[in-house]
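# A look at the structure
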Amino acid sequence: MSLPENQKGNAWSRTSRRKLLACFALSPALASAKDLITVPGKRPLLLHNDRPEDLETPASYFSSWITPNDIFFVRQHLPRPRLEESTYRLAITGRVSQPRQLTLADLRKLPQHRLPATLECAGNGRAFFQPRVPGVQWMRGAIGNAEWTGPRLRDVLALAGADLNAAYVTVNGADVGLAKTPDFIRSFPMKKALHPATLLALEMNREPLPDIHGFPVRLVVPGWDGTSWVKWVTNLEVTNEPNNGFFMNPAYRIPKHPVAPGSPANPADLEVIEGMPVKSCITSPSDQDRLPLAPTQLRGIAWAGEERITRVEVSTDAGRHWQEAQLSPQDLPFAWRLWTLDWMPPEEGYYTILSRATDSAGRIQPVVATWNPSGYLYNAIDRIGITVEKRA
Ligand SMILES: Nc1nc2c(c(=O)[nH]1)N[C@H]1C(S)=C(S)[C@@H](COP(=O)(O)O)O[C@H]1N2
Ligand SMILES: [Mo]
């Protein structure tokens with residue numbers, strides 16, 4: 001069972017606690033040297049947990065604007081459920097004039113919308129926080145950009161006559177808590193639920209959703225962190241109060257007022273994560289690569305939650321000088337952009353390369369990410385080191 005991040009110690013059984021401690025006893029270098037593993041339907045991915053799978057995409061795989069399903073990262077807290085198309089029902093309850101039990105056919109009858117959007121785990125980049133934070137040590141690859149297709153959530157809510165003045169929609173998936181592990185349930189504000197880009201996706205990259213990504217129905221909440229993108233959705237409840245279960249509180253919250261690195265947050269000062277910050281990563285070359293002294297192309301990705309990426313700058317000399325990178329043509333909210341910079345290293349030696357993105361709201365990546373006890377929303381300027389060598 002993998003509970004979110006720093007909460008593990010509270011709910012884990014004694015054996016699991018031992019395993020967890022054993023894991024922290026590893027040196028940082030060993031703990032981040034992940035094995036590549038293959039699960040059905042996937043190319044080799046970085047293994048963080050195997051039951052259920054938490055799998056990270058190696059950053060070097062991000063070479064296309066659309067992330068193919070077979071390299072898309074996987075994050076789940078509970079054993080994966082298996083749903084059948086024929087018995088699938090979506091219950092809509094709570095503040096509705098007509099409670100419904102919808103079939104997949106009902107969902108397919110609604111107008112279908114296709115939207116490219118980036119899905120990122122709130123814990124992506126946790127491995128880079130100093131001091132270290134417990135939880136899955138995601139590096140750059142708990143993220144992907146896919147095309148999602150399905151009806152708008154607001155059209156689905158309308159079928160049940162949902163009270164649009166209610167404050168929240170509470171979403172539950174078919175995965176259930178076991179023993180002391182709580183069920184994965186999330187509430188989010190009606191305003192975002194009614195946004196035309198919020199979908200109940202039936203397809204991912206023009207294929208039926210793979211089991212591991214939520215077959216047959218998952219929520220797509222563009223510009224918000226992955227926690228809201230509930231998989232295997234079976235229940236929508238229209239409510240005036242948010243769900244107050246473990247995955248809403250205390251998990252997936254950040255301090256409203258930053259705390260000193262390494263110190264606890266005041267529980268009363270925590271708030272639910274909603275939108276996402278501006279961020280970029282270098283995807284090629286990889287950290288600590290050795291390259292020949294020859295023209296090369298630096299490549300990466302950049303994204304900004306509900307905003308658009310307007311600029312990516314790259315430094316090849318540890319931040320003394322910055323050059324503007326070339327952005328891929330997609331200038332959209334919710335979806336990432338790729339960037340490139342052609343570069344001829346002036347001489348052999350070690351280079352520190354940085355990337356820094358700016359978005360349509362004028363936000364710019366910080367030098368240091370805001371440390372928080374659960375290690376969410378890491379977005380500091382990305383940094384790799386490479387060695388350029390003369391080769392015979
Ligand atoms: N039902 C359910 N939905 C879920 C989760 C989960 O554990 N159960 N994990 C969430 C989290 S934290 C993330 S980051 C995304 C990951 O989506 P993916 O596995 O399709 O990449 O799914 C979200 N939806
Ligand atoms: Mo996540």
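Everything numeric here is computed off the predicted structure, so don't read it as measured data.

## Observations regarding the sheet that holds strand β5 (residues 100-102)
The strands making up a sheet associate through backbone hydrogen bonding, with each pair oriented either parallel or antiparallel. Across the sheet, five strands lie side by side as β5-β4-β14-β8-β9; this open sheet has mixed pairing. The open sheet has two edge strands, β5 and β9 (185-189), and neither has a second partner. When the angles between neighbouring strand axes are averaged without regard to direction, this sheet yields 20 degrees. Judged from the six bridges that link them, strand β8 (residues 168-173) and strand β14 (residues 233-239) form a sheet pairing that is antiparallel. Looking across to β14, one finds that valine 171 is bridged to leucine 236.

## Some words on the site of ligand 1
Near ligand 1 lie 19 residues; those nearest to it are His77, Asp175, His213, Arg218 and Lys231. Between a nitrogen atom of ligand 1 and a side-chain N or O atom of aspartate 175, the distance comes to 2.7 Å. At a separation of 2.7 Å, an oxygen atom of ligand 1 approaches a polar side-chain atom of histidine 213. In isolation ligand 1 exposes 540 Å². Once the protein is present, 100% of that is buried. Residues of the shell around ligand 1, tallied by class, amount to ten nonpolar, five polar and four charged.

## Structural notes on the domain arrangement of the chain
Reports of interface size often rely on the accessible area that becomes lost once the parts have come together. With domains assigned, the chain is organised as domain 1 (90-272) and domain 2 (279-389). Domain 1 and domain 2 are separated by 29 Å when their C-alpha centres are compared. Contacts between the two partners involve 37 residues from domain 1 and, on the opposite side, 24 residues from domain 2. Considering only the side of domain 1, the residues that lose the most area to domain 2 are Phe129, Arg140 and Ile254, jointly responsible for 26% of the buried surface there. The tally of links between domain 1 and domain 2 comes to three salt bridges. One salt bridge in this structure joins glutamate 120 and lysine 279, with 3.2 Å as the shortest N-O distance. Seen at the junction of domain 1 and domain 2, the total is twelve residue pairs in polar contact (both at pLDDT 80 or more). When contributions to the side of domain 1 that touches domain 2 are tallied by element, the ones reaching two or more residues are β6 (113-120), β7 (143-150) and β15 (253-255). Looking at the side of domain 1 that touches domain 2, the element that brings in the most residues is β6, giving four residues. Broken down by class, the residue content of the side of domain 1 that touches domain 2 amounts to 21 nonpolar, eleven polar and five charged.

Calculation rules
Residues numbered from 1 in each chain as written. Chains lettered and ligands numbered in written order. Predicted model: local features only at pLDDT ≥ 70, side-chain atom pairs only at ≥ 80, totals over all residues. Heavy atoms only, no water. Pairing = 2+ DSSP bridges. Helix = DSSP H or I, 4+ residues; strand = E, 2+ residues; numbered from the N terminus. Axes fitted to C-alpha atoms, helices over the stretch in contact; angles between N-to-C directions. Near = heavy atom within 4 Å. Polar contact = N/O pair within 3.5 Å; in protein donor to acceptor, adjacent residues only side chain to side chain. Areas by Shrake-Rupley, 256 points an atom, 1.4 Å probe, with all protein chains shown as cover. Nonpolar A, V, L, I, M, F, W, Y, C, P; charged D, E, K, R; others polar. Domains from an automatic or database assignment. Contact = heavy atoms within 4.5 Å. Buried area = accessible area lost by both parts, 1.4 Å probe. Salt bridge = Lys/Arg side-chain N within 4 Å of Asp/Glu carboxyl O.

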